[in-house]
Amino acid sequence: GKSDLAVNGVLENFYGFVFKNQELKGNFNLNSNQLAVSDFMTTETPSKTEAKKSEAMKTPAFLNCSLTAKANTVLYDNLTLKNVSGKIIIKDQKATLENGKTDIFGGSIAFNGDISTKEKTPKFNMDLGLNTVDIMQTFTQLDMMKKIAPIAGIINGKLNSKIKLSGNLNPTELTPQLNTLTGDLFGQLLSTTVNSSNSTLLSALDDKLNFIDLKKLNLNDLKTAVTFKDVKVTVKPFDLKYQDIKVNIGGTHGFDQSMSYNLKLDVPAKYLGTEANNLIAKLSPADAKKVESVPVNATIGGSFTTPKITTDVKQATTNLVNNLVKQQK
């Protein structure tokens, strides 16, 4: 097909494997200019009889070998990976990946982990290090990342992130079962801008909090931490600043796009309407200084496509005005 391979190495204990059912050992080096995964996948549609016979993919128990590999380009589904390298160690029905790395999404990803087919349900553990990858590409082209952070799809910029994850694999094709994913992610955003026009959620939030223009939100160097388990993602509360407004955000969302988030805003009184500003102007400078900011709360429910947002902006404004009237009296 579209693939080229150059392999060299040593195969040990071949006769022991053939005649005495012993372990087959080996160490190999593989180099490729281009490796298309589709070249190694069957294109024939199996008959009903063959489909019934299809069994879970298993790493052979007799195999004990290592493969050090390098490829300039790897084509996998819709992804193009550049400068791929790493080592695979196969032993005891487990494939361990060491020092894997690839250039992709405008940055690079390092990966270490293992895939075990010893039990009835195959399992995997993986540590990923994402370095200056493009946020939009990463979170729209990888289903797994889309589930973990769907909101990231409307952020332009770069991301550094460390991700630990584990879960079960589909037995016949060894792809992750997304509903079994557990792990955590720590990320840092770089040179980011928000594209709120592409998001129903952010457009709705813009309407409810009219003193914030989300297009001008500065997320540079923002650090976030999330954990995920049982198809639910928990976002550890984090702080960000919009001009002179402090915002604290935290909550959860599901892989089904449902969500429950809380926003706590520390809003300067000047943003809360003409009536409040007129009353503040009548106060003495010393009294006016005491009325610096007002706490405002917002809750976000529903889903990312049909969000339900409630705020206490009106109540907070009413309370502020009443307090100012009392103060003047």
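Analysis parameters
- Residues numbered from 1 in each chain as written.
- Predicted model: local features only at pLDDT ≥ 70, side-chain atom pairs only at ≥ 80, totals over all residues.
- Heavy atoms only, no water.
- Buried < 20%, exposed > 50% of the residue type's maximum accessible area, 1.4 Å probe, protein only.
- Helix = DSSP H or I, 4+ residues; strand = E, 2+ residues; numbered from the N terminus.
- Arc of directions from axis to C-beta.
- Contact = heavy atoms within 4.5 Å.
- Patch = residues over 30% accessible without salt bridge, like charges linked within 9 Å, V, L, I, M, F, W, Y side chains within 5 Å.
- Areas by Shrake-Rupley, 256 points an atom, 1.4 Å probe, with all protein chains shown as cover.
- Salt bridge = Lys/Arg side-chain N within 4 Å of Asp/Glu carboxyl O.
- Polar contact = N/O pair within 3.5 Å; in protein donor to acceptor, adjacent residues only side chain to side chain.
- Phe/Tyr/Trp six-rings, centres within 6.5 Å; stacked < 30°, edge-to-face > 60°.
- Core = buried A, V, L, I, M, F, W, Y, C linked by side-chain atoms within 4.5 Å.
- Pairing = 2+ DSSP bridges.

**With respect to helix α5 (residues 200-208)**
Of the residues making up α5, those classed as buried are Leu 201, Leu 202 and Leu 205. All buried residues of α5 lie within an arc of 90° about the axis, which places them on one face of the element.

**With respect to the environment of Asp 266**
The residue Asp 266 is located in strand β13 (residues 259-268) in this model. On the basis of relative accessible area, Asp 266 is assigned to the partly exposed category, the value being 30%. A sequence separation of 22 residues divides Asp 266 from Asp 244, and the C-alpha atoms of the two residues are 8.8 Å apart. Setting aside chain neighbours within four positions, we find Asp 266 in contact with Asp 244, Ile 245, Lys 246, Ser 293, Val 294 and Pro 295.

**A closer look at a nonpolar patch on the surface**
Taken together, the side chains of Leu 11, Phe 14, Tyr 15, Val 18 and Phe 19 present a nonpolar region at the surface, about 580 Å² in accessible area. Within the secondary structure layout, Phe 14 lies in helix α1 (residues 14-20).

**Some remarks on unusual backbone geometry**
Of note, Asp 77 is a non-glycine position whose phi angle comes to about 50°, a positive value. Along the chain, Asp 77 falls in the loop between β3 (63-76) and β4 (79-91). Classification of Asp 77 as exposed rests on a relative accessible area of 70%. The phi torsion at Asn 99 lies on the positive side, around 50°, for a residue other than glycine. With respect to the helices and strands, Asn 99 occurs in strand β5 (residues 94-104).

**Concerning the pattern of salt bridges**
A complete count under the given rule lists five salt bridges for this structure. Here Asp 92 ties to Lys 118 by a salt bridge, and the two come within 3.2 Å at their closest N and O atoms. With a gap of 26 residues between them, Asp 92 in the loop between β4 and β5 and Lys 118 in the loop between β6 (107-116) and β7 (123-134) connect regions that are remote in the sequence. Residue class for Asp 92 comes out partly exposed when judged on its relative accessible area of 43%. By relative accessible area, Lys 118 is classed as partly exposed at 47%.

**Considering the side chain of Thr 117**
Inspection of the secondary structure assignment puts Thr 117 in the loop between β6 and β7. On the basis of relative accessible area, Thr 117 is assigned to the buried category, the value being 1%. Only 2.8 Å separates the side chain of Thr 117 from the backbone nitrogen of Thr 59, close enough to count as a polar contact.

**Let's talk about the packing of aromatic side chains**
With the rule as written, the count across this model stands at three aromatic pairs. Taking the centre distance of 6.2 Å and the plane angle of 10° together, the rings of Tyr 15 and Phe 19 count as stacked. With Tyr 15 and Phe 19 both in helix α1 and four residues apart, the pair spans about one turn of that helix. Accessibility expressed as a relative area gives 61% for Tyr 15, which makes it exposed. Between Phe 17 and Phe 62, the aromatic rings sit 4.7 Å apart at their centres with planes inclined by 35°, giving tilted as the arrangement. Linking Phe 17 in helix α1 with Phe 62 in the loop between α2 (48-53) and β3, this pair joins segments that are 45 residues apart in sequence.

**Focus on the nonpolar core**
One finds Leu 165, Phe 211, Phe 228 and Leu 265 to be the most contacted residues of the largest nonpolar core, which totals 71 residues. Look past the residues within four positions of Phe 211 in its chain and what remains in contact with it is Tyr 242, Ile 245, Leu 265, Val 267, Tyr 271, Leu 272 and Val 313.

**Quick notes on the pairing of β3**
By the bridge criterion, twelve bridges tie strand β2 (residues 24-36) to β3 in an arrangement that is parallel. Across the sheet, residue Asn 29 finds its bridge partner in β3, namely Thr 68. Here eleven bridges tie β3 to β4, and the two strands are oriented antiparallel to one another. Directly across from Thr 73, in β4, lies its bridge partner Lys 82. Where β3 folds back onto β4 in an antiparallel hairpin, the turn is made up of two residues, including Asp 77, whose phi is positive at roughly 50°.

**Quick notes on the pairing of strand β11 (residues 232-242)**
In this structure, strand β10 (residues 223-229) lies alongside β11, joined through four bridges in antiparallel fashion. The residue bridging Val 226 from the neighbouring strand is Val 235, located in β11. Turn length for the β10-β11 hairpin, with the two strands adjacent in sequence and antiparallel, is two residues, and the turn residue Asp 230 shows positive phi of about 50°. Bridge count between β11 and strand β12 (residues 245-254): nine bridges; the pairing is antiparallel. What sits directly across from Thr 234, in β12, is Thr 252.

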